[in-house]
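# Commentary on secondary and tertiary structure
Residue strings, one per chain:
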Amino acid sequence: MNTVKTVRELRAAIARARAEGKRIGFVPTMGNLHSGHVALVEKASQRADFVVASIFVNPLQFGPNEDLAKYPRTLAADQEKLVSAGCHLLFAPTPEEMYPQGMDDQTRISVPVVSEGLCGGSRPGHFEGVATVVTKLFNMVQPDLAIFGEKDFQQLAVIRKLVRDLNLPVQIFGEPTVRADDGLALSSRNGYLSAEQRQVAPQLFATLKDMADSICGGRDDFSRLTLDGLKHLEKAGFRPDYLEIREAGSLRPAQAGDKELVILVAAYLGTTRLIDNLAFTSHP
Ligand code: PAF
């Protein structure tokens, strides 16, 4: 696997692969790779002949009081994981390479409606930062397909809409969340948790499962279920940011009678913000 740091080198390497008639698959990441990322790269290598990954901790998607400075940067370990997962080319640019004119002056992509509320409500500007960097990366790599984790459910919805609305010639695939044996969704931010917090963390997914079971069992009093879920999380030691039941396709608030649902949660354990979701069919 070759690692390149500039757009020029990236384009040259991709032009060579294209000239050989290869189909390009792309997995954008912020690094500190875990088995969830590895699964995305493995999927990309099943669907494409030439797999490109990127590692870039994108400052544009972090708020002023968020964890940009302490976000784990583990390039050497990440490179090893990418090689064994079947990646052919790694793009690991600097912020100066991605934003040569600085960030204040950067043209931005804003994706209405699906970006609003949930993580978009508590992290103003976050999805604009994600949509902007993903559009730039798509223009740099020009992949045939790109793969994202479903753990970031709202992000995936934002990217699907962005690609549709701007007619970007890239096929988007979502891959299921990879979980630890106790149910905790794998995340680079799990590394911030203390041993005690790590014991509590699986309650996040357990709460989603309980709520989904209740809905599949016939309950449609979504407000009551949500309040009970929030209470459960608080009792377990979380400080919930949001817990919401939404219609899975549109992400609008769920109504009784909706079949395809997703329950989305963000909650703090100490200073660590964890997110998770559970999508399911309520009346099979
Ligand atoms: O999901 C992530 O790791 C990031 O938001 C992404 C898509 C790589 C954009 O920086």
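Since we're looking at a predicted model, the values are computed, not measured. (Residues numbered from 1 in each chain as written. Predicted model: local features only at pLDDT ≥ 70, side-chain atom pairs only at ≥ 80, totals over all residues. Heavy atoms only, no water.)

This part is about the nonpolar core. Within the largest apolar cluster, 48 residues are counted, with the highest numbers of intra-cluster contacts made by L10, V52, F138 and I172. Considering every element that reaches this core, the biggest residue donor is helix 6 (residues 126-141), with 9 residues. Setting aside chain neighbours within four positions, we find L10 in contact with V4, V52, L89, F91, M140 and V141. Core analysis: the next-biggest nonpolar cluster, separate from the first, contains 24 residues, L204, F238, L261 and V265 among them. (Core = buried A, V, L, I, M, F, W, Y, C linked by side-chain atoms within 4.5 Å. Buried < 20%, exposed > 50% of the residue type's maximum accessible area, 1.4 Å probe, protein only. Helix = DSSP H or I, 4+ residues; strand = E, 2+ residues; numbered from the N terminus. Contact = heavy atoms within 4.5 Å.)

Now for unusual backbone geometry. With phi around 50 degrees, Q142 is a residue other than glycine that occupies positive phi space. Locating Q142 in the fold gives a position in the loop between helix 6 and strand 5 (145-149).

Turning our attention to empty space enclosed by the protein. Using the criterion set out here, one finds 1 cavity of 30 Å³ or more in the structure. Put simply, the largest cavity is a space of about 40 Å³. The greatest single-element share of the lining of the largest cavity, amounting to 3 residues, is contributed by strand 9 (residues 272-281). Residue classes in the lining of the largest cavity are distributed as 5 nonpolar, 2 polar and 2 charged. (1 Å grid on protein atoms, 1.4 Å probe; cavity = no way out; pocket = protein on both sides within 12 Å on 5 of 7 lines; lining within 4 Å. Points joined across faces, edges and corners; volume = space filled by probe spheres on them. Nonpolar A, V, L, I, M, F, W, Y, C, P; charged D, E, K, R; others polar.)

A word on the site of the ligand. Close contacts around the ligand come from P28, T29, M30, Q61, V133, F148 and Q155, and that covers them all. The side chain of Q61 places a nitrogen or oxygen atom 2.6 Å from an oxygen atom of the ligand. Q155 has a polar side-chain atom sitting 2.7 Å from an oxygen atom of the ligand. About the coverage of the ligand: the protein hides 88% of its 290 Å² of free accessible area. (Near = heavy atom within 4 Å. Polar contact = N/O pair within 3.5 Å; in protein donor to acceptor, adjacent residues only side chain to side chain. Areas by Shrake-Rupley, 256 points an atom, 1.4 Å probe, with all protein chains shown as cover.)

Counted under the stated rule, the structure contains 4 aromatic pairs. Ring geometry for F56 and Y99: centres 6.1 Å apart, planes at 50 degrees, overall tilted. One end of the pair, F56, is in the loop between strand 3 (50-55) and helix 3 (75-85); the other, Y99, is in the loop between helix 4 (95-98) and helix 5 (118-122), with 43 residues separating them in the sequence. Residue Y99 is classed as buried on the basis of its relative accessible area, which comes to 4%. Relative to Y71, the ring of F62 lies with its centre 5.9 Å away and its plane at 75 degrees, an arrangement referred to as edge-to-face. (Phe/Tyr/Trp six-rings, centres within 6.5 Å; stacked < 30°, edge-to-face > 60°.)

Take the sheet that holds strand 8 (residues 260-269) next. The sheet built from 3 strands is open, its strands ordered 7-8-9 with antiparallel pairing. Two strands lie at the open edges of the sheet, namely strand 7 (239-247) and strand 9, each paired on one side alone. Shown here is a sheet whose adjacent strand axes are inclined to one another by a mean of 10 degrees, direction ignored. Along the sheet, helix 9 (residues 203-216) contacts strand 7, strand 8 and strand 9; its crossing angle with strand 9, the most-contacted strand, is approximately 25 degrees. Most of the contacts of helix 10 (residues 222-236) go to strand 7, to which it runs at about 150 degrees, and overall it touches strand 7 and strand 8. (Pairing = 2+ DSSP bridges. Axes fitted to C-alpha atoms, helices over the stretch in contact; angles between N-to-C directions.)

One open sheet accounts for 6 strands, arranged 1-4-3-2-5-6; its pairing is parallel. Only two strands of the sheet have a single neighbouring strand rather than two, namely strand 1 (2-4) and strand 6 (171-175). On average, each strand axis in the sheet is tilted by 25 degrees relative to the strand beside it, whichever way the strands run. Pairing of strand 5 with strand 6 involves 5 bridges; the strand directions are parallel. When the bridges of strand 6 are listed, I147 appears paired with F173. Strands strand 1, strand 2 (24-29), strand 3 and strand 4 (89-91) of the sheet are contacted by helix 1 (residues 7-19), whose axis makes an angle of about 155 degrees with strand 4. Together, strand 2, strand 3, strand 5 and strand 6 form the strand contacts of helix 2 (residues 35-47), whose direction differs from that of strand 5 by roughly 155 degrees.

Below, the discussion takes up the pairing of strand 6. Within strand 6, 4 of the 5 residues are buried, which leaves it mostly tucked inside the rest of the structure. Traced from strand 5 through helix 7 (residues 153-165) to strand 6, the parallel crossover comes out right-handed. (Right-handed = clockwise from strand over helix to strand, strands pointing away.)

Here the focus is the environment of E247. The residue E247 is located in strand 7 in this model. The buried category is assigned to E247, whose relative accessible area is 16%. Taking the C-alpha atoms as reference points, E247 and D258, separated by 11 residues in sequence, lie 6.7 Å from one another. Discounting residues that sit within four places of it in the chain, E247 has contacts with R252, P253, A254, D258, E260, L261 and V262.

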